Structures are given as C-alpha cells and as structure tokens.
Amino acid sequence: MSLVRRALPEDAEEVLRLRQVMIDALFPSGPSLAWHSDSLPTLRAELSEADGDFAAFVVDHPRRPGALASLVAGTIDYRIGRPGDPRGLVGFVFSVATDPDARRRGYARACMTTLLGWFRERGVRRVQLTASPEAEPLYVSLGFRPKPDPLLELTL
C-alpha cells in the first residue's frame, strides 16, 4: 500500500507549511507568514477540485499526527500543440518539499512518481520543473533532463 495520497482541503495549512519549508530553503524570505491567510481560501478550493488542472500529493508524517511529511504539487497547462505533442498539455511540478525531520526516506520520490502518473493519466506528454542543486539528482533519476531554454519573467 502506498503512503502517498491526494491532498485534501483540510490539508491546506500543512501544504502551505511545507511550501514555506521549500521557499525558505531556496529564498530566505524572513519571518512573515502573513501571505498564508490570503492563500488559504484559494488553496482549499483548488484542493477540493478532484478533476481540475491542479493536484497535490502528500505523505502523512509518521510521528506527528495531523502533520505532513512530504508534498509535491503540479499543474497542467495548455499550450498550442506542436509536432510530437499535438495536444499541447504540459505538466509543471512545483512545491516539492519534505519536512526536515522526515527526509531521506523516499517520500519525495514516492510523491513525484504519483504526480507523474497523474500527468500521464491526463494525456500530458511533457513535464517541466525547476530544481535546486540538492534535488536535481532525484529528478534526473526519474528521467528529467536539463534544457537550455531561457526563461524570462514579468511580475504584474
């Protein structure tokens, strides 16, 4: 039996806590968590949509009832098709995080494998993510390859 399950609306606060673990590891943002309260209603709504284009998969913490040990979240985006990918569905993985005291147990790998299966079931042929140097070996072991595509971003 798999330890991985789909996150539910009642997991939203723990999902945000693990997202903050990931954010703090990549971009130390200071002690303010004020954005969590603004994010909770939308996250709960997204977690309640079983057939939507967003999914989060989690593992419950083995020693802390009510807490999550690991999280992987992803979305499906539509982009106009192209040769080799006529449907144009692209998966994007983000918020891969494991509680510091639950690392090195395969939880992130198990969550990623489940998310990749979810993408496959929906006809996604390409999956993208950005990786920290520490996490890159996991993704490479799952078949991800670096791409030289430049990314530009505009904040509105």
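Whatever comes next refers back to the structure up there.
Notes on the structure follow. Note that the structure is a prediction, hence the values are computed from the model and not measured. (Residues numbered from 1 in each chain as written. Predicted model: local features only at pLDDT ≥ 70, side-chain atom pairs only at ≥ 80, totals over all residues. Heavy atoms only, no water.)

## Points about helix H2 (residues 35–48)
(1) Moving on: The terminal C-alpha atoms of H2, which comprises 14 residues, lie 20 Å apart, in line with the 20 Å expected from a rise of 1.5 Å per residue.
(2) Moving on: At Pro-41, H2 shows its largest bend, some 30 degrees.
(3) Moving on: Residues of H2 that are buried include every one of His-36, Leu-40, Leu-43 and Leu-47, and no others.
(4) Moving on: Next to the buried residues of H2 lie helix H1 (12–26) and strand E2 (54–60). (Helix = DSSP H or I, 4+ residues; strand = E, 2+ residues; numbered from the N terminus. Expected span 1.5 Å × (residues − 1). Bend = angle between axes of the 7 residues up to and from the residue. Buried < 20%, exposed > 50% of the residue type's maximum accessible area, 1.4 Å probe, protein only. Contact = heavy atoms within 4.5 Å.)

## Concerning the pairing of E2
(1) Moving on: Burial of E2 is extensive: 6 of the 7 residues sit out of reach of the surface.
(2) Moving on: Judged from the 3 bridges that link them, strand E1 (residues 4–6) and E2 form a sheet pairing that is antiparallel. When the bridges of E2 are listed, Arg-6 appears paired with Phe-57.
(3) Moving on: Strand direction decides the pairing type here: E2 and strand E3 (residues 68–78), joined by 7 bridges, are antiparallel. Bridge pairing links Asp-60 to Leu-68 in E3. (Pairing = 2+ DSSP bridges.)

## Some thoughts on the environment of Asp-51
(1) Moving on: Along the chain, Asp-51 falls in the loop between H2 and E2.
(2) Moving on: Asp-51 sits in the exposed class, given a relative accessible area of 73%.

## What about the layout of surface pockets?
(1) Moving on: Taken as a whole, the largest pocket encloses approximately 1,400 Å³ of empty space.
(2) Moving on: Along the wall of the largest pocket there are 45 residues; nearest its centre are Met-22, Ser-95, Val-96, Ala-97 and Tyr-139.
(3) Moving on: For the lining of the largest pocket, the leading source of residues is H1, giving 8 residues.
(4) Moving on: Classifying every residue of the lining of the largest pocket gives 30 nonpolar, 7 polar and 8 charged.
(5) Moving on: In this model, the second largest pocket occupies a volume close to 630 Å³.
(6) Moving on: Among the secondary structure elements, those contributing two or more residues to the lining of the second largest pocket are strand E5 (126–128) and helix H4 (136–141). (1 Å grid on protein atoms, 1.4 Å probe; cavity = no way out; pocket = protein on both sides within 12 Å on 5 of 7 lines; lining within 4 Å. Points joined across faces, edges and corners; volume = space filled by probe spheres on them. Nonpolar A, V, L, I, M, F, W, Y, C, P; charged D, E, K, R; others polar.)

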